[in-house]
Amino acid sequence: MQSILGSLLCLTATALAAVPYQQYILAPSSRTVRPVTIFRQHGSLTSASALFGDSPKSTGNGLVLDEFNASVTYDFGKNVAGLVSLDVSSHKGSVGVTFSESSLWVSSTACDATADAGLDAPLVFSVTRPGRYSAPPEKERGAFRYLTVVNLGTERLSIRDLSVHFTAMPHWEGNALRDYTGWFHSNDEKLNRVWYAGAYTNQLVTIEPSRGDAIDNNSSVNGTLDEWWLNTTISEGTSVLTDGAKRDRLVWSGDMAIAVPGIGVTTYDLISIRNALDSLYKLQSETGQLPYAGYPFNERGIVSFTYHLYALIGVANFYHWSGDQSYLAAKWAGWKSGMDWAAQQIDSTGLANVTAAADWLRFGMGGHNIEANSILFYTLTLGATLARTQNDSATAERWATLARGIQSAAPRLLWQPAVGLFRDNETTTLAPQDGNAWAVKSGLVTAPSQVAQISAALEARWGPYGAPAPEAADAVSPFISGFELETHFMANRTAVALALIRNMWADFMLDDPRMTNSTFIEGYSTSGELHYAPYTNDPRISHAHGWATGPTSSLTTFVAGIQLLSDAGATWAIVPQIGDLTHVDAGFATTRGTFSSKWSVDAESGVFRLQISTPRGTTGTVGIPFPTNHSTVTLSAHPSQGSTTKVVMRGDAAGRYWLNALNGGDYEFVVSPA
C-alpha cells in the first residue's frame, strides 16, 4: 500500500496544477469560513452586517443584540461544516447558536434535526468575560447553510467576530481543499454546476473518524429538544467516507456505490474510501456476512442482503480505481466468503430468495426481488473477474455459472412485457425504480431494444420534481435515480438523461430556495415537499448525501465518455455521447496518469472534433459518434506522433465508429460529412 499512497501523494502534488475551471469549485480556499449575507433578523439589534468579511474586526463592537431573543440568521451561501467560534466583547451574558441546512428549519430556538423525532437543541455559550468562545469538538455541526445567533440573556450582547472552522476533508491541508484531480465543463451551465456540487457533497461527507454520529445517545432536553454530539469513532485513520454530512455520519456501503465513482473523477480521495471499507470488513462475521452499516449501527444486528452486496462492490470499486493488487489480495479471503454467503440464498428458481427486509429504506424488500437479484448478478460478475486476477479460475467459473442462472431466471419470473418493466417480485405487479435501473446497470438485460424499453418506461413516470421510486411510497430517491440516470445513458438516450439532470438535480435540488445551492439532498416527495417517506421527521433529512451525487460520475463517464475498463485505467474506452450539447471538456487522474476527453460539434457544418489523452503504457478503444443523421462520414485521425490518416467510414447501428487497440497517448479525431 505504501507504493499506492506514494503515487497518490505525487498525484496531488503534480497533476492538480493543470486542472482547469477552478471557478466552479465550491470548497473553501481555507478552513476559516464566514457568512456572506443576512437571511433574517429579529428584535432590537445593530450592525448585523459587521460580521461579514474575510477577517475578524479589530475595532468596534460588531453585532449588538440589545435584548433577550434578539437574533440574526446568517447565510453562508452554501452548505458548510465545522466548529463555530464567536469573539465576544461583552463581560457577561448568554448566546445561543442554531444551525440549519434548509431555510425551512431556520429558527432562533432550535436546530434542524439529527434524530427521527423533534429538533436539535441550540449550542449555548455562557459569557463570563470578553474573548473568544469556540464549540468543543463534539459539538461540530456536520452541515449547515444557515447559522442563527440569538441573545439568550438579559444583558446587551456584543459580538465582534463570527467564524467557522471548516472540518470536512480533515486529511487535506486547509489551503488544498480545492485541489481536485478531475474537471468537467460543457456549454450547459446547469450540468457544470451539478458536476461540481456532487464533488463538493462528497467532500462534506468525508469526516474525521472520531466525529461520527452518536446515534444511540440522543437525549431529550426540556422534553422537546434533542441534545446532540459527534463523538463516536467509526473507523481508523485520519479521514473516512460516510453517508451524510449532518447525519448519519456513518459508513453505509450502499451510499458508496454512487459516491466512490464520483470521488474517482473529482478528488481521487482513495484513502477515505479504504478506511470506510476496512471498518466494514472488520465487522464481517464468520459466516461471511457483512454488516448493514458500520459501527455503532451494526450493534443493532440488522441484516441487509443488498448492503452486504454493496460492501463487496465497494472493494471491487476501490481496486478498479486504485489498481492496488496488494489491497485486493489482502481482502480476497473475506470477499470470497462474503460472495459465497450471498450465493447461498439462491434457490431452485435460480434466483436469490431474500429474507432480510433492510435495504435503502424502500419498502417491500423480500422474496425473488428484482433489485436484489440484479445486484447479485452484478456482484457475481465482478467476482468472476476478480477471481481471475487472483488465479482462481474454478471460483470464477462457479460464480459465472450462478450469474448466468440469474440472467436466465429473472426475465421468466419477473418481466412484464405489457408494462416494459420488471415487477418487484412474483407476488406483486409493482414495477420498482431500483430493480429496473439495476437490471440495466448490472448487464442482466443486454438486448438494446429491451434496455431502451425500460428507459422509456421509467421516463414516462417522471413528475415535475424528478424520477419516482414507487417502492418507497411517494419518494423521489436521488440515490436510485443515480442508477436510473445510468440506465438512460446506457440506452443511448442521451437527451433523456441530460433532461433528468437538468430538471431534477439542477432546477430542483440546487436552485429550489429550500435547498443549499451547493449540495444534494437525501430524498424528498414527488409533490416537491421536503418530506421523505421513510422518515417521520422532515427536519432530519440530510441535504448533503453522497448517494445523491450520481450525475458527477455519469457526466464524466458517458458525456465525456471516459471509461476505465480495468485497474486504474490499464485498459480504457472513450465513448462520448453528444445529446444536445455543443462542447465538453473533462478529465481526471489515477495512479497511471491523466485521462481526458475534449470534444465539440458544429451544428451547421456537422463537424465533430474529439481530442483525447490517456497515459502511456495503457491501451484502449475509442467509439466515435457520428453527429446529426449521417451514416457515412470522413474520419481524420491525428495521433501525437505520426502522420494523419483520412478515410471514409460507415457507422454501426448506434451511429458510431470504433477504433480498437489504441496505445495510450494523445489523439485528435475529426469527423465530417462524407
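As the structure is a prediction and not an experimental result, all values here were calculated from the model.

Trainee: So, the layout of surface pockets: which residues are in play, and what are the values?
Mentor: Its boundaries defined by the atoms lining it, the largest pocket holds a volume of some 1,100 Å³. Around the largest pocket, the lining is made up of 35 residues, and of these H320, Y378, L382, K441 and L564 lie nearest the centre. Residue assignment for the lining of the largest pocket shows that the elements contributing at least two residues are α3 (253-264), α5 (305-322), α7 (370-389), α9 (433-441), α11 (478-490), α13 (550-559) and β23 (562-564). Looking at side-chain class alone, the lining of the largest pocket contains 19 nonpolar, 13 polar and 3 charged residues.

Trainee: Explain the environment of I541 to me, and be specific about the residues and the numbers.
Mentor: Among the structural elements, I541 can be located in the loop between β22 (524-525) and α13. Since its relative accessible area comes to 2%, I541 is described here as buried. Note: C-alpha distance between I541 and G244 (297 residues apart in sequence) is 9.7 Å. Those residues in contact with I541, other than ones at most four positions away along the chain, are E101, K246, R247, I521, E522, G523, L530, H531, Y532 and Y535.

Trainee: Break down the side chain of D567 for me, with residues and values.
Mentor: By the secondary structure assignment, D567 is in the loop between β23 and β24 (571-574). Assessed through its relative accessible area of 15%, D567 is described here as buried. Here the side chain of D567 touches R592 through a polar contact of 2.7 Å, side chain to side chain. In this structure, D567 is in contact with Y319, H320, G323, Q325 and R592, ignoring residues within four places of it in sequence.

Trainee: Explain the packing of aromatic side chains residue by residue, including any values.
Mentor: A complete count under the given rule lists 34 aromatic pairs for this structure. Ring geometry for Y292 and Y307: centres 5.3 Å apart, planes at 75°, overall edge-to-face. You can see Y292 sitting in the loop between α4 (270-281) and α5 and its partner Y307 sitting in helix α5, a full 15 residues away along the chain. Comparing Y292 with Y307, the two get one shared label, buried. Ring centres of W332 and W399 lie 6.0 Å apart, and the angle between their planes is 65°; this geometry places the pair in the edge-to-face category. Here W332 is found in helix α6 (residues 325-343), whereas its partner W399 is found in helix α8 (residues 393-414), with 67 residues between them in sequence. Look at W332 and you get buried, because its relative accessible area is 9%.

Trainee: Can you lay out the side chain of E471 for me, pointing to particular residues and giving the numbers?
Mentor: Its place among the elements puts E471 in the loop between α10 (448-459) and β21 (475-476). Notably, E471 is buried but unbridged: the nearest opposite-charge side chain belongs to R362, and the N-O separation is 4.8 Å. Here D434 takes part through its backbone nitrogen, which lies 2.8 Å from a polar atom of the side chain of E471. E471 has contacts with W360, R362, F363, L430, P432, Q433, D434 and I480, leaving out every residue within four places of it along the chain.

Trainee: Quick rundown of unusual backbone geometry? Include the residues and the values.
Mentor: In this structure, D248 follows R247 across a cis peptide bond, with omega equal to 10°. Counting through the fold element by element, D248 comes out in the loop between β18 (240-241) and α3. The phi dihedral of N492 is positive, around 60°, even though this residue is not glycine. Positionally, N492 belongs in the loop between α11 and α12 (494-510). Although it is not a glycine, A661 sits at a positive phi angle of roughly 55°. Here A661 lies in strand β31 (residues 656-663).

Trainee: Would you mind going over α13 in detail, with residue names and values included?
Mentor: For an α-helix the count is 3.6 residues per turn, leaving residues at separations of three or four pointing the same way. Counted residue by residue, α13 has 9 buried out of 10 residues, so it is predominantly covered. Buried within α13 are the following residues: G550, P551, T552, S553, S554, L555, T556, F558 and V559. The positive-phi residue at the C-terminal boundary of α13 is G561, with phi of around 85°.

Trainee: Requested: an account of the sheet that holds strand β28 (residues 619-625), with residues and values cited.
Mentor: Taken in spatial order, the 4 strands of this open sheet run β23-β24-β28-β31, and their pairing is mixed. Two strands bound the open sheet, and with one partner strand each, they are β23 and β31. Between one strand axis and the next, the sheet turns by 15° as a mean value, whatever way the strands run. Two elements, β28 and β31, share 6 bridges in a ladder whose sense is antiparallel.

Trainee: Provide a residue-level description of the packing of α5 against α7, including the pertinent values.
Mentor: At a closest axis distance of 10 Å, the pairing of α5 and α7 adopts a crossing angle of 35°. Both α5 and α7 take part in a crossing whose hand is left-handed. Contacts from F305, T306, L309, Y310, L312, I313, A316 and Y319 in α5 reach E371, A372, I375, L376, Y378, T379, L382, L386 and T389 in α7. Class assignment of the residues belonging to the contact of α5 with α7 gives a composition of 13 nonpolar, 3 polar and 1 charged.

Trainee: Break down the pattern of salt bridges for me, with residues and values.
Mentor: Under the definition given, this model contains 32 salt bridges. Residue E371 pairs with R362 through a salt bridge whose shortest N-O separation is 4.0 Å. Exposure class is identical for E371 and R362. Each is buried. Here R362 ties to D424 by a salt bridge, and the two come within 2.6 Å at their closest N and O atoms. With a gap of 62 residues between them, R362 in the loop between α6 and α7 and D424 in the loop between β20 (421-422) and α9 connect regions that are remote in the sequence. For R362, a relative accessible area of 4% corresponds to the buried category.

Trainee: Give a description of the confidence of the model for the chain that names residues and reports values.
Mentor: Averaged over every residue, the pLDDT of the chain is 94; the share at 70 or more is 93%. Between residues 12-16, whose pLDDT stays under 50, and residues either more than four places distant or in other chains, the model counts 6 contacts.

Trainee: Run through the nonpolar core, naming residues and quoting values.
Mentor: By size, the foremost hydrophobic cluster in this structure holds 203 residues, and its most contacted members are V84, L147, L376 and F669. A per-element tally of this core places α5 first, with 12 residues. Apart from the residues within four sequence positions on either side, F669 is in contact with F608, R609, L610, I612, V622, I624, L635, S636, A637, L659 and L662.

Trainee: Outline the packing of helix α2 (residues 189-204) against α13, supporting the account with residue identities and numerical values.
Mentor: Interhelical geometry of α2 versus α13 gives an angle of 120° and a closest axis separation of 7 Å. Our classification of the angle between α2 and α13 gives oblique. When the axes of α2 and α13 are compared, the crossing they make is left-handed. Seen from α2, the contacting residues are L191, V194, W195, G198 and A199; seen from α13, they are P551, T552, L555 and T556. Class assignment of the residues belonging to the contact of α2 with α13 gives a composition of 6 nonpolar, 3 polar and no charged.

Trainee: Describe in detail α2, supporting the description with residues and values.
Mentor: Taking 1.5 Å per residue, 16 residues should reach 22 Å; α2 reaches 22 Å between its end C-alpha atoms and fits that length. For α2, the buried fraction is high: 13 of the 16 residues fall into the buried class. For α2, the side-chain oxygen to backbone nitrogen distance between the N-cap and K190 is 2.8 Å, and the N-cap itself is D188.

How each quantity is defined
Residues numbered from 1 in each chain as written. Predicted model: local features only at pLDDT ≥ 70, side-chain atom pairs only at ≥ 80, totals over all residues. Heavy atoms only, no water. 1 Å grid on protein atoms, 1.4 Å probe; cavity = no way out; pocket = protein on both sides within 12 Å on 5 of 7 lines; lining within 4 Å. Points joined across faces, edges and corners; volume = space filled by probe spheres on them. Helix = DSSP H or I, 4+ residues; strand = E, 2+ residues; numbered from the N terminus. Nonpolar A, V, L, I, M, F, W, Y, C, P; charged D, E, K, R; others polar. Buried < 20%, exposed > 50% of the residue type's maximum accessible area, 1.4 Å probe, protein only. Contact = heavy atoms within 4.5 Å. Polar contact = N/O pair within 3.5 Å; in protein donor to acceptor, adjacent residues only side chain to side chain. Phe/Tyr/Trp six-rings, centres within 6.5 Å; stacked < 30°, edge-to-face > 60°. Lys, Arg positive; Asp, Glu negative; His and termini not counted. Salt bridge = Lys/Arg side-chain N within 4 Å of Asp/Glu carboxyl O. Pairing = 2+ DSSP bridges. Axes fitted to C-alpha atoms, helices over the stretch in contact; angles between N-to-C directions. Left-handed = near helix turned anticlockwise from the far one by under 90°. pLDDT = per-residue confidence, 0-100. Core = buried A, V, L, I, M, F, W, Y, C linked by side-chain atoms within 4.5 Å. Parallel < 35°, antiparallel > 145°, perpendicular 65-115°, else oblique. Expected span 1.5 Å × (residues − 1).

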